[in-house]
Amino acid sequence: MPGTIYLVATPIGNLEDITLRALRILREADLVACEDTRHTRKLLAHYQIHKPLVSYHEHNEAEQAEELVKKAAAGGRIAVVSDAGMPGISDPGYRVVQRAIERGVPVVPVPGPVAAEAALAVSGLPCEAFRFGGFLPSKPGARRKLLQSLAGETATLVFYEAPHRIQAALEDIVEVLGSRPVVVARELTKVHEEFLRGSADSILDELRRRPPVKGEITLLVGRGETPAAPQAPLGRRIEQLMEEQKLDRMTALKTAARERGLSKREAYRLWQHGEEE
Ligand code: SAM
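Rules used in this analysis
- Throughout, residues of each chain are indexed from 1 in the direction in which the sequence is written.
- A pLDDT threshold of at least 70 governs which residues receive local features in this predicted model, and a stricter bar of 80 or more applies before side-chain atom pairs are shown or counted, although totals over entire chains, interfaces and linings include all residues.
- Water and hydrogen atoms play no part in the side-chain values, which are based on all heavy atoms of the structure.
- Any residue with a heavy atom positioned within 4 Å of a molecule or strand is treated as near that molecule or strand.
- Under this definition, polar contacts are N or O atom pairs within 3.5 Å; protein pairs additionally need one hydrogen-donor-capable and one acceptor-capable atom, and for neighbouring residues in sequence, both atoms have to be side-chain atoms.
- The protein chains shown are the only cover counted for residues, whose accessible areas, like all others here, come from Shrake-Rupley with a 1.4 Å probe.
- Grid points spaced at 1 Å and placed over the protein atoms alone form the basis of the search, with a cavity being a set where a 1.4 Å probe fits but cannot get out and a pocket an open set showing protein on both sides within 12 Å along at least five of seven lines. Lining residues have an atom within 4 Å of a point.
- The rule for placing a molecule in a cavity or pocket is simple: more than half of its atoms must lie within 2 Å of the grid points.
- To qualify as a helix, a DSSP run of H or I must reach at least 4 residues; to qualify as a strand, a run of E must reach at least 2; elements of each kind are numbered from the N terminus.
- An automatic or database domain assignment supplies the residue ranges for each domain.
- When DSSP finds at least two bridges between two strands, those strands are taken to pair.
- Interaxial angle, 0 to 180 degrees, is taken between N-to-C directions of lines fitted to C-alpha atoms, where a helix line uses only the stretch in contact.
- Whether two residues touch is decided by their heavy atoms; if any such pair falls within 4.5 Å, the residues are in contact.
- Burial status follows relative accessibility: with a 1.4 Å probe on protein chains alone, a residue under 20% of its type maximum counts as buried, one over 50% as exposed, and anything between as partly exposed.
- Directions pointing from the helix axis toward each C-beta atom define the arc.
- What counts as a ring pair is set by centres within 6.5 Å for rings of Phe, Tyr and Trp (its six-membered ring), and what kind of pair is set by the plane angle: stacked under 30 degrees, edge-to-face over 60, tilted for all other angles.
- Grid points are joined across faces, edges and corners, and a volume is the space filled by probe spheres set on the points.

To continue, consider the site of the ligand. The environment of the ligand is formed by 19 residues, the closest being Ile89, Asp91, Ala115, Tyr160 and Ile217. A distance of 3.1 Å separates a nitrogen atom of the ligand from a polar backbone atom of Ala84. Between a nitrogen atom of the ligand and a main-chain N or O atom of Leu188, the distance comes to 2.9 Å. If the ligand stood free it would expose 570 Å²; the protein chains cover 91% of that surface. The cavity that encloses the ligand is the largest pocket. Listing elements by their share of the shell around the ligand, those giving two or more residues are strand 7 (156–161) and strand 10 (217–221). Summarising the domain contributions, the shell around the ligand has at least three residues from each of domain 1 (4–113) and domain 2 (116–221).

Before going further, it helps to examine the sheet that holds strand 5 (residues 107–110). Read across the open sheet, the 5 strands follow the order 3-2-4-1-5; overall the sheet is parallel. Of all strands in the sheet, those with a lone pairing partner are strand 3 (53–55) and strand 5, marking the two edges. Taking the axes of each pair of neighbouring strands and ignoring which way they run, one obtains an average angle of 25 degrees across the sheet. As paired strands, strand 1 (residues 4–8) and strand 4 (residues 77–80) are joined by 4 bridges and run parallel to one another. If you follow Ile5 over to strand 4, its bridge partner there is Ile78. Docked against the sheet, helix 2 (residues 37–46) engages strand 2 (31–34) and strand 3, running at close to 150 degrees with respect to strand 3.

The domain architecture assigned to the protein consists of domain 1 (4–113), domain 2 (116–221) and domain 3 (234–272). Computed from C-alpha coordinates alone, the two centres of domain 1 and domain 3 are separated by 49 Å.

Within helix 9 (residues 234–244), the full set of buried residues consists of Leu234, Gly235, Arg237, Ile238 and Leu241. The arc that holds every buried residue of helix 9, seen down its axis, measures 165 degrees, which confines them to one face. Facing away from the buried surface of helix 9 by more than 90 degrees, the exposed residues are Arg236, Glu243 and Glu244. Elements that come into contact with the buried residues of helix 9 comprise helix 10 (249–260) and helix 11 (264–273).

Quick look at the packing of aromatic side chains now. Counted according to the given criterion, the structure contains 3 aromatic pairs. Ring centres of Phe135 and Tyr160 lie 5.7 Å apart, and the angle between their planes is 65 degrees; on these two criteria the pair is classed as edge-to-face. Separated by 25 residues along the polypeptide, Phe135 in strand 6 (residues 130–135) and Tyr160 in strand 7 bring together distant segments of the chain. Their ring planes at 80 degrees and their centres at 6.3 Å tell us that Tyr268 and Trp271 sit as a pair that is edge-to-face. Placement of the pair is Tyr268 and Trp271 together in helix 11, with a separation of 3 residues, close to one helical turn. Through a chain of ring-to-ring contacts, the aromatic side chains of Phe132, Phe135 and Tyr160 assemble into a single cluster.

Another point: helix 5 (residues 115–123). Since the α-helix advances by 3.6 residues per turn, residues separated by three or four positions end up pointing in the same direction. Buried within helix 5 we find Ala115, Ala116, Ala119, Leu120 and Ser123. An end-on view of helix 5 places all buried positions within 125 degrees of arc, on one side of the element. In this structure, the buried side of helix 5 is in contact with strand 6, strand 7, strand 8 (181–186), strand 9 (194–199) and strand 10.

Further remarks concern the layout of surface pockets. Put simply, the largest pocket is a space of about 900 Å³. Taken together, 37 residues form the lining of the largest pocket, with Asp83, Ala84, Asp91, Phe135 and Glu216 sitting closest to its centre. Breaking the lining of the largest pocket down by element, the ones donating at least two residues are helix 2, strand 7 and strand 10. Broken down by element, the lining of the largest pocket gets its largest block of residues, 3 residues, from helix 2. Formed jointly, the lining of the largest pocket draws a minimum of three residues from each of two domains, domain 1 (4–113) and domain 2 (116–221).

A few words on the sheet that holds strand 10. The sheet built from 5 strands is open, its strands ordered 6-7-10-8-9 with mixed pairing. The outermost strands of the open sheet, each flanked by one partner alone, are strand 6 and strand 9. The mean angle between the axes of side-by-side strands here comes to 15 degrees, regardless of whether they run parallel or antiparallel. Two strands pair when backbone bridges link them, and strand 8 and strand 9 are joined in this way by 6 bridges, in the antiparallel orientation. Across the sheet, residue Val184 finds its bridge partner in strand 9, namely Leu196.

Rendered as structure tokens:
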């Protein structure tokens, strides 16, 4: 008789944000798989739950997923948690779920907090459709390319972002998407919870005036006033920059490449071979 893998959501800050069911499942589990055992031990101790813990994180995910599913296949009740929120959402969890499904071991969700959803719900941006993008790429080129690919998206965009990259991310948003409505949701459910709402450039100005921002951030971007205009072909855009902004050929190429998240070499190749046209 196989046991079960439970994916259990845990608080994203405030320790009271845990469901009664999550607490019961954690109490009844034979083993709790978590990212950081010290972090999870604190949470469990708060609720007087004492369970064997095993660490399951991005560096041992593949082997550990196999082990956990073996234990569940042999009848074990395995609770999988992450450091915060729902396992599997920009967190380890996916591999164990995949393995369990392959082996016919039941996987049961025990839902609870997710930073993206908490931020979206109080953002004031349209919630009927949203597109969750996980962590924005840390490299500027890849980040701009991704934003460019989302220019026509009408759903609210939701990203996770590190505090030391938030300004750079907003600069790219202003450059690639224009000054859209933006919400920076910081330290949700914690003592220093804060929401910055406004246009992307006004939020950027605000952050530039402050000392470096700290804490955990969920970044939301609303749709533009009008749907994004289809992008001009690269060659035309270069000509436009040369004419309107009086840029020389190389500077215009560099600018157009940056707008599209392309390297200068890649843009040059596309321009010469007309692959974009
Ligand atoms: N599994 C989690 C969930 O369900 O939300 C997400 C884990 S991901 C590794 C961590 C990122 O989520 C943080 O870097 C931050 O961008 C976002 N996040 C987590 N807790 C948050 C909070 N209290 N306030 C704002 N954003 C948060």
